[in-house]
Amino acid sequence: MPNFDPKEIKNSNRIFKSATPKYTLDWYLKWVASAFVLSSMSIRGVEGYAAIDLSLCGISLWLAVSLIWKDRALILLNGVGLLFLIRAVAERLMT
């Protein structure tokens, strides 16, 4: 990838610019959380691994990211999602 001048990056419509800063706490958390959620989705249907639910970790981390960002939509989504997952885990443990 070529090196661009900061003015060129700022004024260009063709150069991709990330909306979030890189290598900050929330940046690391969102990538780790995404890895947990994707891993959970990929093993959920595999026989013998259905009880391993990494999405609880992933959604918890995404809730932390949404709190850092103060994004109410993500807080609602991940907060309610976390409650649903906790309920599902509790039901599984009760049976």
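Just so it is clear, the structure is predicted and the values come from calculations on it, not from any experiment. (Residues numbered from 1 in each chain as written. Predicted model: local features only at pLDDT ≥ 70, side-chain atom pairs only at ≥ 80, totals over all residues. Heavy atoms only, no water.)

J.: Mind showing me how you'd approach the overall build of the chain here?
T.: What the chain contains, in helices and strands, is four helices and zero strands. Counting from the amino terminus, helix and strand elements in the chain follow one another as α-α-α-α. Taking 12 Å as the expected radius of gyration for a compact globule of 95 residues, we find that the chain reaches 18 Å, considerably beyond that expectation. Taken along its principal axes, the extent of the C-alpha atoms in the chain is 60 × 30 × 20 Å. In the chain, buried positions account for 22% of the 95 residues. Separation of charge centres in the chain, based on 11 positive and 7 negative side chains, amounts to 8 Å. (Helix = DSSP H or I, 4+ residues; strand = E, 2+ residues; numbered from the N terminus. Rg over C-alpha atoms; globule rule 2.2 N^0.38 Å. Buried < 20%, exposed > 50% of the residue type's maximum accessible area, 1.4 Å probe, protein only. Lys, Arg positive; Asp, Glu negative; His and termini not counted. Charge placed at Lys NZ, Arg CZ, Asp CG, Glu CD.)

J.: Quick question: what am I supposed to make of the packing of aromatic side chains here?
T.: Note on aromatic pairs: each is described by the distance of the centres and the angle between the planes. By the definition in use, this model includes four aromatic pairs. Members of the aromatic cluster, each reached through a chain of ring pairs, are Tyr23, Trp27 and Tyr28. (Phe/Tyr/Trp six-rings, centres within 6.5 Å; stacked < 30°, edge-to-face > 60°.)

J.: What is the right way to read a nonpolar patch on the surface from this model?
T.: A contiguous nonpolar surface patch, about 290 Å² in accessible area, is contributed by Leu25, Ile68 and Trp69. Inspection of the secondary structure assignment puts Leu25 in helix α2 (residues 25-43). Residue classification places Leu25 among the exposed positions, given a relative accessible area of 59%. (Patch = residues over 30% accessible without salt bridge, like charges linked within 9 Å, V, L, I, M, F, W, Y side chains within 5 Å. Areas by Shrake-Rupley, 256 points an atom, 1.4 Å probe, with all protein chains shown as cover. Salt bridge = Lys/Arg side-chain N within 4 Å of Asp/Glu carboxyl O.)

J.: Would you explain the nonpolar core in this entry?
T.: As a rule of thumb, nonpolar side chains are buried together in soluble globular proteins. Listed in full, the nine residues of the largest apolar core are Leu29, Ala33, Val37, Ile59, Trp62, Leu63, Val65, Leu82 and Leu85. Residue assignment for this core shows that the elements contributing at least two residues are α2, α3 (55-69) and α4 (72-94). Among the elements that make up this core, the one with the highest residue count is α3 (four residues). Among all residues touching Ile59, those that are not within four sequence positions of it are Val37, Asn78, Gly81, Leu82 and Leu85. (Core = buried A, V, L, I, M, F, W, Y, C linked by side-chain atoms within 4.5 Å. Contact = heavy atoms within 4.5 Å.)

J.: Quick question: what am I supposed to make of α3 here?
T.: The α-helix advances 3.6 residues per turn, and as a result positions three or four apart in sequence lie on the same side. With 15 residues, α3 extends 20 Å from end C-alpha to end C-alpha; this agrees with the ideal 21 Å at 1.5 Å per step. By the burial criterion, the buried members of α3 are Ser55, Gly58, Ile59, Trp62, Leu63, Val65 and Ser66. Down the axis of α3, the sector holding all buried residues measures 165°, keeping them to one side. Packed against the buried residues of α3 are α2 and α4. At the exit of α3 stands Lys70, carrying a positive phi of roughly 55°. (Expected span 1.5 Å × (residues − 1). Arc of directions from axis to C-beta.)

J.: Before we go on, may I ask you to explain the pattern of salt bridges in this structure?
T.: Summed over all chains, the structure comprises one salt bridge. Across the pair Arg87 and Glu91 runs a salt bridge, and its minimum N-O distance is 3.8 Å. Of this pair, Arg87 and Glu91 both sit in helix α4, four residues apart, which is roughly one turn of the helix. Taking relative accessible area as the criterion, Glu91 reaches 47% and is therefore assigned partly exposed.

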